[in-house]
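Architecture at a glance
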Amino acid sequence: MRSTEIAGRSSNEFIEDDRVGMQADVGRIIDGRYRLEKPVGRGGMSVVWRAEHLSLEAPVALKLGTFIAGNETEATSRITRFRREARSLARIRSPHVVQVLDFGIDNHQPFLVMEYLEGETLARRLRRTGTIPAEELHFLLMEVADALARAHEQQLVHRDLKPSNIVLTQWGDGLLAKLLDFGIVKRLGHRSNDTAQTGPGMLVGTPYYMSPEQIRSASDVDLRSDLWSMAVIAYECLCGERAFPGRTTMDVIEKIVTGVRPAPSATMPELAPFDGWFARALHPDPNARFSSAFALVEAYHDALTRLNPNTEAPKPDPDTMPLTVVRPEQIGEQANDPKQVSLVSDIGPKTNLPKHRSSFFGRDTERNAVTEALRGVHRSITLVGPGGA
């Protein structure tokens, strides 16, 4: 596999080109401990660098907030977001979540230091291979499920799960999936903090992968919103196209909120055994969906067995699940199901994803505003991510 440098951030698909434009900071020393070496990605509020830990002489990924002159309120808000992301990552113990190493402020700029990864995002892999075979996708889903289970165990909802936030890094003779970018994470039961993070009346997330309830209110979501996003990613991996395509972002949002549910067999008849799985995983009513990462992956395995009775993919083990109690007061006004939710964990098989090349059915490049579509619901809209992609 061609090694591509990856840092703990999904912006701009990491290294899509060399036009990052931050060469003036090359060699800068951050907090007396980290030397900036090479910009590897950027977003609206930060730039991610490959940096050197001067004492350890080891590479790290350093996410540096962009400098804000004369706007103390925004600067304070940015520092708060960085601190929240750092603390969220520090709570999660999973080999499938990028590890945070440090947090601080240098010259009024917040920074976050993470482990440095080499590999490629799932988004880039899909552009190279087009699709991922169903059995190999099962291994990938189990690893992402482990990451989500550990986050949900800490009452954290990611809210921006997408292919560019999943890194496939070399591990032994296989690949290890790592979940990145907890920049808009929601901690259940902390509504006041969430309002400070996202601001009132804002649409926060990446439209292609957002659940209907997240589109309506980023605050009133629970772990099942992450599971929706996970299913959308699975559809893209199996079918080589987005589950909710559209010429404009408004088109995408309209399909999601009106309850349109894609069936893989419509374009790939051989995937008919997965139609029922997607119908439930992408149900517009959260109470009708899978209630946990374990349930979602277990049901995927059942569908895989119907597709290939001779599959060697292991079934998730319920004895390794952490348990999380989801209470109504934690998951917003729309929730009314205080059931105990079981989450998959301690599942980390090596993943050998395909390396062959095939066609890929394009990426939607339209990034139009959706103000008209949500008039009267949201006062302002923020698409978090590179152009909302």
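The structure contained in this document is the topic of the report that follows. The shown structure was predicted, so the numbers you read here are calculated from the model rather than taken from an experiment. (Residues numbered from 1 in each chain as written. Predicted model: local features only at pLDDT ≥ 70, side-chain atom pairs only at ≥ 80, totals over all residues. Heavy atoms only, no water.)

**Quick notes on unusual backbone geometry**
As a reminder of what qualifies: Elements are defined by DSSP. Helices are runs of H or I of four residues or more, strands are runs of E of two residues or more, and each kind is numbered from the N terminus. Relative accessible area decides the class of each residue, using a 1.4 Å probe on protein chains only: under 20% of the type maximum gives buried, over 50% gives exposed, and in between gives partly exposed.
Within the chain, His 108 stands out as a residue other than glycine whose phi angle is a positive 70 degrees. Residue position: His 108 is located in the loop between strand E6 (100–106) and strand E7 (109–115). The backbone of Gln 155 shows a phi angle near 65 degrees, a positive value even though the residue is not glycine. Classification of Gln 155 by relative accessible area gives buried; the value is 15%.

**Focus on helix H3 (residues 134–153)**
Because an α-helix completes one turn every 3.6 residues, residues spaced three or four positions apart along the sequence face the same direction. For clarity, the cut-off: Each helix should span, by expectation, one fewer than its residue count multiplied by 1.5 Å.
Taking 1.5 Å of rise per residue, 20 residues should cover 28 Å, and H3 covers 28 Å from first to last C-alpha, within 8% of that figure. Most of H3 is tucked away: 17 of the 20 residues are buried. A positive phi of about 65 degrees marks Gln 155, the residue just after H3.

**Quick notes on the environment of Pro 284**
Applied cut-off: Contacts are residue-level and defined by heavy atoms, with any inter-residue pair within 4.5 Å sufficient.
Along the chain, the position of Pro 284 falls in the loop between helix H8 (275–281) and helix H9 (293–307). Pro 284 sits in the partly exposed class, given a relative accessible area of 30%. Filtering out sequence-adjacent residues up to four positions away, Pro 284 remains in contact with Pro 212, Glu 213, Trp 228, Gly 259, Arg 261 and Arg 289.

**Things to note about the environment of Glu 52**
The criterion, for reference: Throughout this description, a polar contact denotes any pair of N or O atoms lying within 3.5 Å of each other; where both atoms belong to protein, one of them has to be capable of donating a hydrogen while the other can accept it, and for residues adjacent in sequence the pair is counted only when both atoms sit in side chains.
Within the secondary structure layout, Glu 52 lies in strand E4 (residues 46–53). Distance from Glu 52 to Tyr 116, taken between C-alpha atoms, is 10.0 Å for residues 64 residues apart in sequence. There is a polar contact of 2.8 Å between the side chain of Glu 52 and the side chain of Arg 35.

**What about the pattern of salt bridges?**
Heads up, the condition is: Whenever a carboxyl oxygen of Asp or Glu lies within 4 Å of a side-chain nitrogen of Lys or Arg, that contact is scored as a salt bridge.
The tally for this structure, following the rule as stated, stands at 16 salt bridges. Asp 106 is paired through a salt bridge with Arg 28; the nearest N and O atoms lie 2.9 Å apart. You can see Asp 106 sitting in strand E6 and its partner Arg 28 sitting in the loop between strand E1 (4–6) and strand E2 (29–30), a full 78 residues away along the chain. Taken as a pair, Asp 106 and Arg 28 share a single burial class, namely buried.

**What to know about the pairing of strand E11 (residues 174–179)**
Side-chain direction in a regular strand flips from residue to residue, so the side chains alternate between the two faces of the sheet. Put simply, the rule reads: Whether two strands pair depends on DSSP finding at least two bridges between them.
Of all the 6 residues making up E11, 6 are buried; the element is thus mostly covered by neighbouring parts of the structure. Across 6 bridges, strand E10 (residues 166–171) lies against E11 in antiparallel orientation. Each residue of the ladder has a partner; that of Thr 169, found in E11, is Leu 176. Counting the residues in the hairpin turn of E10 and E11 gives 2 residues, including Gly 172, whose phi is positive at 65 degrees.

**Quick word on the side chain of Asp 222**
By the secondary structure assignment, Asp 222 is in the loop between helix H5 (212–216) and helix H6 (223–239). A polar contact is formed between the side chain of Asp 222 and the backbone nitrogen of Arg 224, at a distance of 2.7 Å.

**Describing the environment of Ser 265**
Among the secondary structure elements, Ser 265 is positioned in the loop between helix H7 (249–257) and H8. A relative accessible area of 24% places Ser 265 in the partly exposed class. It is 9.2 Å that separates the C-alpha atoms of Ser 265 and Cys 239, two residues lying 26 residues apart in sequence. Setting aside residues up to four positions removed in sequence, Ser 265 forms contacts with Ala 272 and Asp 275.

**Overview of the packing of H3 against H6**
In plain terms, the rule: Fitted lines through C-alpha atoms serve as axes, helices being fitted only where they are in contact, and the angles separating the N-to-C directions of these axes extend from 0 to 180 degrees. These descriptions rest on fixed angle ranges, namely under 35 degrees for roughly parallel, over 145 for roughly antiparallel, 65 to 115 for roughly perpendicular, and the rest for oblique. Left-handed describes a crossing whose near helix is turned anticlockwise from the far helix through less than a right angle; right-handed describes the clockwise counterpart. Under the grouping applied here, Gly and all other residues not named as nonpolar or charged are polar, the nonpolar ones being Ala, Val, Leu, Ile, Met, Phe, Trp, Tyr, Cys and Pro and the charged ones Asp, Glu, Lys and Arg.
Close contact between H3 and H6 brings their axes to 11 Å; oriented N to C, the two are set at 160 degrees. By the criterion of interaxial angle, the relationship of H3 to H6 is roughly antiparallel. For the pair H3 and H6, the crossing hand works out as right-handed. Here Ala 134, Leu 137, Leu 141, Val 144, Ala 145, Leu 148 and His 152 of H3 lie close against H6, whose contacting residues are Leu 223, Asp 226, Leu 227, Met 230, Ala 234, Cys 237 and Leu 238. In terms of residue class, the contact of H3 with H6 is made up of 12 nonpolar, 1 polar and 1 charged.

**Digging into the nonpolar core**
We apply this condition: To qualify as a nonpolar core, a set must consist of buried Ala, Val, Leu, Ile, Met, Phe, Trp, Tyr and Cys residues joined through side-chain atoms within 4.5 Å.
By size, the foremost hydrophobic cluster in this structure holds 73 residues, and its most contacted members are Leu 122, Leu 137, Met 230, Leu 238, Phe 274, Trp 277 and Tyr 300. For this core, the element with the highest residue contribution is H6, accounting for 12 residues. In contact with Phe 274, other than residues within four places in its own chain, are Ala 134, Leu 238, Pro 264, Tyr 300, Ala 303, Leu 304 and Leu 307. Among the nonpolar cores identified, the runner-up in size contains 11 residues, and Ile 30, Ala 51, Val 60 and Leu 62 belong to it.

**Description of the sheet that holds strand E3 (residues 34–42)**
Pairing is antiparallel across the open sheet formed by 6 strands, whose spatial order is E2-E3-E4-E5-E7-E6. Edge positions in the sheet fall to E2 and E6, since each has one partner strand and no second. Of the pairings in the sheet, the one linking strand E5 (residues 58–65) to E7 comprises 5 bridges and is antiparallel in character. Residue pairing in the sheet places Leu 64 in a bridge with Phe 111 of E7. Of the strands in this sheet, E4, E5, E6 and E7 are in contact with helix H1 (residues 72–91), which crosses E7 at around 20 degrees.

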